[in-house]
Amino acid sequence: ADALRAIKFAEVAVLLLDAEHPFDKQDLQIADLALREGRALVIAVNKWDLIEDKDEKMGEIREMAERLLPQAPGIPITPFSALTGAGVNRLMPAVVKVYIDWNARVKTSELNDWLQEAVHRHAPPAVSGQRIKLRYIAQTKTRPPTFVAQCTRAEDLPTSYKRYLVNGIRDAFDIKAVPIRLILKKPDNPYAKEKKRH
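Please read these numbers as outputs of a predicted model, since none were measured by experiment.

Visitor: Before we go on, may I ask you to explain the overall build of the chain in this structure?
Guide: The number of helices and strands found in the chain is seven helices and eight strands. With respect to the three principal axes, the spread of C-alpha positions in the chain is 75 × 30 × 30 Å. Taken across its 198 residues, the chain has 42% of its residues classed as buried. Working note: accessible area of the chain is about 11800 Å², and carbon and sulfur atoms make up 53% of it.

Visitor: Even after reading the chapter, I still don't get helix α2 (residues 25–36), so can you show me in this structure?
Guide: The periodicity of an α-helix, 3.6 residues per turn, causes residues three or four positions apart to be oriented the same way. Here α2 is twelve residues long and its end C-alpha atoms lie 16 Å apart, about the 16 Å a rise of 1.5 Å per residue gives. Of the residues making up α2, those classed as buried are Asp27, Ala31, Leu33, Ala34 and Leu35. The elements touched by buried residues of α2 are α1 (2–9), β1 (12–18), β2 (40–46) and β8 (181–185). Between the side-chain oxygen at the start of α2 and the backbone nitrogen of Gln26 there is a gap of 3.2 Å, and the oxygen is on Asp24.

Visitor: Can you help me understand the nonpolar core in this one?
Guide: A general trend in soluble globular proteins is that nonpolar side chains are found buried together. Core analysis: the biggest nonpolar cluster contains 58 residues, and Leu41, Ile43, Ile137 and Phe147 have the highest contact counts within it. The dominant element in this core, judged by the number of residues it contributes, is β2, at six residues. Once you skip the residues sitting within four places of it in the chain, Ile43 turns out to touch Leu15, Leu17, Phe23, Ala65, Leu69, Ile75, Pro76, Ile77 and Thr78.

Visitor: Whenever I open this one, the sheet that holds strand β7 (residues 146–151) confuses me. Can you help?
Guide: Strand pairing within a sheet occurs via backbone hydrogen bonds; the two strands may be parallel or antiparallel. Reading across the sheet, the three strands line up as β6-β7-β8 and stay open at both edges, with mixed pairing between neighbours. Unpaired on one side and paired on the other, β6 (134–141) and β8 mark the two borders of the sheet. Shown here is a sheet whose adjacent strand axes are inclined to one another by a mean of 25°, direction ignored. In terms of strand pairing, β7 meets β8 through five bridges, oriented parallel.

Visitor: Can you help me understand unusual backbone geometry in this one?
Guide: What is expected of a backbone is that most residues other than glycine have negative phi and most peptide bonds are trans. Residue Pro144 is reached from Arg143 by a cis peptide bond, and omega for that bond is 5°. In this structure, Pro144 sits in the loop between β6 and β7. Even without glycine at this site, Lys47 takes up a positive phi of about 65°. Within the element layout of this structure, Lys47 appears in the loop between β2 and α3 (54–68). Lys47 gets classed as partly exposed once you look at its relative accessible area, which sits at 35%.

So, how was this worked out
Residues numbered from 1 in each chain as written. Predicted model: local features only at pLDDT ≥ 70, side-chain atom pairs only at ≥ 80, totals over all residues. Heavy atoms only, no water. Helix = DSSP H or I, 4+ residues; strand = E, 2+ residues; numbered from the N terminus. Buried < 20%, exposed > 50% of the residue type's maximum accessible area, 1.4 Å probe, protein only. Areas by Shrake-Rupley, 256 points an atom, 1.4 Å probe, with all protein chains shown as cover. Expected span 1.5 Å × (residues − 1). Contact = heavy atoms within 4.5 Å. Polar contact = N/O pair within 3.5 Å; in protein donor to acceptor, adjacent residues only side chain to side chain. Core = buried A, V, L, I, M, F, W, Y, C linked by side-chain atoms within 4.5 Å. Pairing = 2+ DSSP bridges. Axes fitted to C-alpha atoms, helices over the stretch in contact; angles between N-to-C directions.

What follows is the structure, given as structure tokens:
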């Protein structure tokens with residue numbers, strides 16, 4: 001209950017793992033909740049002094065993070081020892097970095113240039129013989145970065161294509177480790193009001 005309350009009021013959540021038993025079920029539930037709530041996430045790994053092959057263990061933890069938390073690729077992982085104090089000084093720089101990403105703002109012109117290129121490289125699929133068209137994208141808010149794209153047949157766009165767009169935004173604008181929200185809206189029909197009047 002304390003963790004849930006803390007996440008609701010947090011901007012950045014630091015998930016503390018035990019180096020010898022990382023990513024147990026409760027760790028994953030807390031991480032998932034933090035990301036669903038739209039919080040930036042940092043993983044801190046305690047008891048690092050007990051690990052003998054530190055490089056191998058870090059590779060293992062990174063691989064687990066990518067596999068188990070695919071919705072926030074590139075999460076910073078900071079190993080340290082609360083007992084000796086070694087590595088503790090690396091935690092706050094990681095927190096500051098994801099906080100900056102959580103507040104990221106992208107210019108509309110740059111977003112639309114990126115969208116044209118992304119659609120050109122990999123066009124949305126056709127549904128019932130009709131092509132889905134993405135026309136325009138803009139960022140509507142930060143904390144977490146939220147984007148709205150105008151899309152014909154928005155409800156038919158496959159989740160895999162939406163994921164392609166979100167990952168493209170991450171890579172193009174270097175927004176790592178924070179949730180990115182992409183909302184698809186049907187384009188406004190400028191003639192709809194005219195029709196109603198007549």
